[in-house]
Amino acid sequence: MDAEGDYESHSCVNLTLTHGRVHVWNAKDADLLRRCYRIVGNLVGALPRNPHQVQMLGLPLQLMPEEVTLLIEKDFAKLVEYEEMKKEPASELKEIFNDCRERCYEEQVVAAAEQRKREIEVIADKILSGKRKKLEKRMKSTPGSVTEAELNELTHEKVIEEECKKIQRLPEHLQVCEIFVENPLIKRLTPKEARWSFPSSNTEKLRYAVFKDMWERDYYLTNGIKFGGDFLVYPGDPVLFHAKFIVKCVEDVDQVNIHDLVTWSRIGTSTKKTLVVASLGSTKKVEYKSYQWVEGENHVIEEM
C-alpha cells in the first residue's frame, strides 16, 4: 500500500515506551506495521522453544526512533506507557496470575490423564496378551496357583480399567509453563500517552529527514550499522530482497574525509550495495550522492 488513504481502514497501533525504548508486543500489530506500513523494526525477544541462541529471535519488536516518529506523525500509531509497569505488581494482579497458573496446571493434569488413557486403549490388546501368557505360564509351572475363572475374567475392558487406576497425577515440576509475549493482563492496566522528543538534535533531524524521504519513495529501511552506515535500503520486504543501498547521513558531503569515503565505498562494493551519502541542501531538502569503488582502478566513482 503506497497511498496514505489506503491506511485509513487500519486501527491505530499502540507502541509501548519502556525505559526510553519503544517496542511492539502484539504479533498482529507487528505484522500490520510490516505488511501495510513498511516498518520492519528489529526482533529482540528469545523464542520460548529455543531460548539459548540469537540466530532467530521473536517478539517484542523494537523500533528505531525514526520509525516511531514516522508512525506517530502519520497517525498510524500512538505512543503509550503504563505507570503500573514501573511499580511492583499489585496484590490483586498477583492473585489473578497465580490463579491462572494453578488453573493451567489442573487443566494439564486432566489432559495428561486423558492422553495416557488413550494410549492404554491403543495398546490394551498387547497388554492383555502379555498378561494371559504370564497366567498360562504360572498355571503350567504351578498347578492350582491360577484358576480357569481368573483367566476368563481377564478381558479387554478389565485391562483398561486396571491400567487406568495406575495413572499417576502429573508432577507439578513437569507442567508446561505458558510464556506470554504480551502482558495477559494488559487490559487491566491504564495506558497513558507518552511524550516523544525525537528528533531534537541536528544529527537526529538529518537522520529522520533522510529516513522519511526514503520511506516516502516506497523503500523499506533497517538499521545499517552492521555495514557501517545509518540505514540499509531495500526495494521490497527484507525477507525477499537484499539491501540495495547503504545510506550514510552527513551534514556536508564536501567535508567528508576522503579516506572515510573510500572505506564506505569499498564496503558497499564488496557487499554488492551502492553507497549513498545523504545530506540536507540549502532548501532543507534531502540530497543524495552515490559512490562506487572501482576494483582494479582503485578509485571512487561519484554519481549524482
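Whatever comes next refers back to the structure up there.
Treat the numbers as computed from the prediction; the structure is a model and nothing was measured.

A.B. asks: Hey, could you go over the pairing of strand β4 (residues 58-62) for me, with residue numbers and the actual values?
C.D. replies: Where strand β2 (residues 21-24) meets β4, 2 bridges bridge the pair, whose relative direction is antiparallel. Pairing of V24 across the sheet is with L61, part of β4. Of the pairings in the sheet, the one linking strand β3 (residues 42-45) to β4 comprises 3 bridges and is antiparallel in character. Across the sheet, N42 pairs through a bridge with Q62, a residue of β4.

A.B. asks: So what's going on with empty space enclosed by the protein? Residues and values would help.
C.D. replies: By the definition in use, this model includes 1 cavity of 30 Å³ or more. Mapped onto the lining of the largest cavity, the elements with two or more residues apiece are β9 (245-249) and α7 (258-270).

A.B. asks: I'd like a rundown of the layout of surface pockets, residues and numbers included.
C.D. replies: Space inside the largest pocket adds up to approximately 780 Å³. Taken together, 26 residues form the lining of the largest pocket, with G41, N42, L43, Q62 and N223 sitting closest to its centre. The set of elements that each furnish at least two residues to the lining of the largest pocket consists of β2, α1 (27-37), β3, β4, α2 (65-73), β7 (220-223) and β8 (231-234). Here the residues of the lining of the largest pocket sort into 13 nonpolar, 6 polar and 7 charged.

A.B. asks: Any chance you could break down the pattern of salt bridges for me, citing the residues and the numbers?
C.D. replies: In this structure the tally under the stated criterion is 18 salt bridges. K74 is paired through a salt bridge with E216; the nearest N and O atoms lie 3.1 Å apart. Here K74, found in the loop between α2 and β5 (77-82), pairs with E216, found in helix α6 (residues 202-216); they are 142 residues apart in sequence, far enough to count as distant. K192 is paired through a salt bridge with E83; the nearest N and O atoms lie 2.8 Å apart. Taken together, the residues span a long stretch of sequence, with K192 in strand β6 (residues 191-193) and E83 in the loop between β5 and α3 (91-141) at a distance of 109 residues. Judged by relative accessible area, K192 falls into the partly exposed class, the value being 39%.

A.B. asks: An account of helix α5 (residues 156-165) is needed here, citing residue identities and associated values.
C.D. replies: Here α5 has its buried residues at V159, I160 and E163. Taken around the axis of α5, the buried residues stretch over an arc of 100°, which confines them to a single face. More than 90 degrees from the buried face of α5, the exposed residues found are E157 and K165.

A.B. asks: Can you break down the sheet that holds β4 residue by residue, with the values?
C.D. replies: Strands sit in the order β3-β4-β2-β1-β5-β6 across an open sheet of 6 strands; the sheet is mixed. Each having just a single partner strand, β3 and β6 make up the two edges of the open sheet. Direction aside, the axes of adjacent strands within the sheet are offset by 45° on average. Pairing of strand β1 (residues 13-18) with β2 involves 3 bridges; the strand directions are antiparallel.

Rules and cut-offs
- Residues numbered from 1 in each chain as written.
- Predicted model: local features only at pLDDT ≥ 70, side-chain atom pairs only at ≥ 80, totals over all residues.
- Heavy atoms only, no water.
- Pairing = 2+ DSSP bridges.
- Helix = DSSP H or I, 4+ residues; strand = E, 2+ residues; numbered from the N terminus.
- 1 Å grid on protein atoms, 1.4 Å probe; cavity = no way out; pocket = protein on both sides within 12 Å on 5 of 7 lines; lining within 4 Å.
- Points joined across faces, edges and corners; volume = space filled by probe spheres on them.
- Nonpolar A, V, L, I, M, F, W, Y, C, P; charged D, E, K, R; others polar.
- Salt bridge = Lys/Arg side-chain N within 4 Å of Asp/Glu carboxyl O.
- Buried < 20%, exposed > 50% of the residue type's maximum accessible area, 1.4 Å probe, protein only.
- Arc of directions from axis to C-beta.
- Axes fitted to C-alpha atoms, helices over the stretch in contact; angles between N-to-C directions.

These figures come from the coordinates and say nothing about function on their own.
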